[in-house]
Amino acid sequence: MVVLYVYLFWLLMSTIAAYRENGTIIRVYCEAQCSLDKETAYAAYQGIPEFYTSLSKAHQEFCILDKNWEEGGLIRIKESAGFQDVVHHYAIKELIPGDKIYLVSLESKVRVLGIIHTTNRTDVTFSFSKGEKGSKLGLEILIIFPNRISQILAYSTGTKIIWNRHAIDEMKGLVRE
């Protein structure tokens, strides 16, 4: 009986957290300091196809599908975090050289625990700005769900915590590179 009460409490907290977000999204944001100036850090990031899989052990694939990814080509990325495996098909929505790269995956295929299959949309923004010593690298991930129920279920399974840890790991890897 105690387990049921704990589960109901967790579901209630997940529902409250979901309703505190703006729309049916989960937002993850982290930043890291880099010793390089922002222009050099941005230029180094342009080589990401060569080192993406080394940023995090959860990164499995970075594949440019159509043409040069900087010119709006489609990119397939496979990654995992916690008990979730995801395949994204990103296109560059906005590119401001030296400042920002905004990627949009209209359909991200998610497999939870290897048995639950679902889709959502994922927007990712990498930002580069001047920091105290060098530059500040930012990573924002927006996981956009088709409805509020999917968002609440994602909160209840720890999706925000899982992807926040993944983002921090990825940023540490980016600074290391």
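So, how was this worked out
- Along each chain, the written sequence defines residue order, and numbers are assigned to residues from 1.
- Note on the predicted model: pLDDT of at least 70 is required for a residue's local features to be given, and 80 or more for side-chain atom pairs to be given and counted; whole-chain, interface and lining totals, by contrast, use all residues.
- Only hydrogens and water are set aside; all other atoms, that is, all heavy atoms of the structure, feed into the side-chain values.
- pLDDT expresses, on a scale from 0 to 100, how confident the predictor is about each individual residue.
- Counting from the N terminus, the helices are DSSP H or I runs at least four residues long and the strands are E runs at least two residues long.
- Using only the protein atoms, space was sampled on a 1 Å grid; points where a 1.4 Å probe fits but cannot get out form cavities, open sets with protein on both sides within 12 Å along at least five of seven lines form pockets, and lining residues are those with an atom within 4 Å of a point.
- Grid points are joined across faces, edges and corners, and a volume is the space filled by probe spheres set on the points.
- Under the convention adopted here, Pro, Cys and the residues Ala, Val, Leu, Ile, Met, Phe, Trp and Tyr are nonpolar, Asp, Glu, Lys and Arg are charged, and Gly plus all remaining residues are polar.
- Stacked, tilted and edge-to-face are the three classes assigned to paired rings of Phe, Tyr and Trp, where Trp is represented by its six-membered ring and a pair needs centres within 6.5 Å; plane angles under 30 degrees give stacked, over 60 edge-to-face, the rest tilted.
- Whether a residue is buried, partly exposed or exposed follows from its accessible area with a 1.4 Å probe, protein chains only, as a fraction of its type maximum: under 20%, in between, or over 50%, in that order.

1. So, the confidence of the model for the protein chain
Alright, step 1. When pLDDT is averaged across the protein chain, the result is 86; 97% of the residues are at 70 or more.
Alright, step 2. Helix α1 (residues 2-20) is the least confidently modelled element of the protein chain, averaging 79 in pLDDT, while strand β7 (residues 135-144) averages 92, the highest of any element.

2. What to know about the layout of surface pockets
Alright, step 1. Reported here for the largest pocket is a volume of approximately 570 Å³.
Alright, step 2. Around the largest pocket, the lining comprises 37 residues; the ones closest to its centre are Q84, V110, N120, I143 and W163.
Alright, step 3. For the lining of the largest pocket, the secondary-structure elements that each account for two or more residues are α3 (48-55), β3 (75-81), β4 (84-96), β5 (100-112), β6 (116-130), β7, α4 (148-156) and α5 (159-176).
Alright, step 4. Tallying contributions element by element places β6 first for the lining of the largest pocket, with seven residues.
Alright, step 5. Looking at side-chain class alone, the lining of the largest pocket contains 24 nonpolar, 11 polar and two charged residues.

3. Focus: the packing of aromatic side chains
Alright, step 1. In this structure the tally under the stated criterion is four aromatic pairs.
Alright, step 2. Aromatic pair Y42 and F128: ring centres 5.3 Å apart, planes at 85 degrees, arrangement edge-to-face. One end of the pair, Y42, is in helix α2 (residues 38-45); the other, F128, is in strand β6, with 86 residues separating them in the sequence. Accessibility assignment for this pair places Y42 and F128 in one class, buried.
Alright, step 3. Ring plane angle 50 degrees and centroid distance 5.4 Å describe the contact between Y52 and F62, whose orientation is recorded as tilted. Here Y52 is found in helix α3, whereas its partner F62 is found in strand β2 (residues 59-64), with 10 residues between them in sequence. Of the two residues, Y52 and F62, neither departs from the other in class, the shared state being buried.

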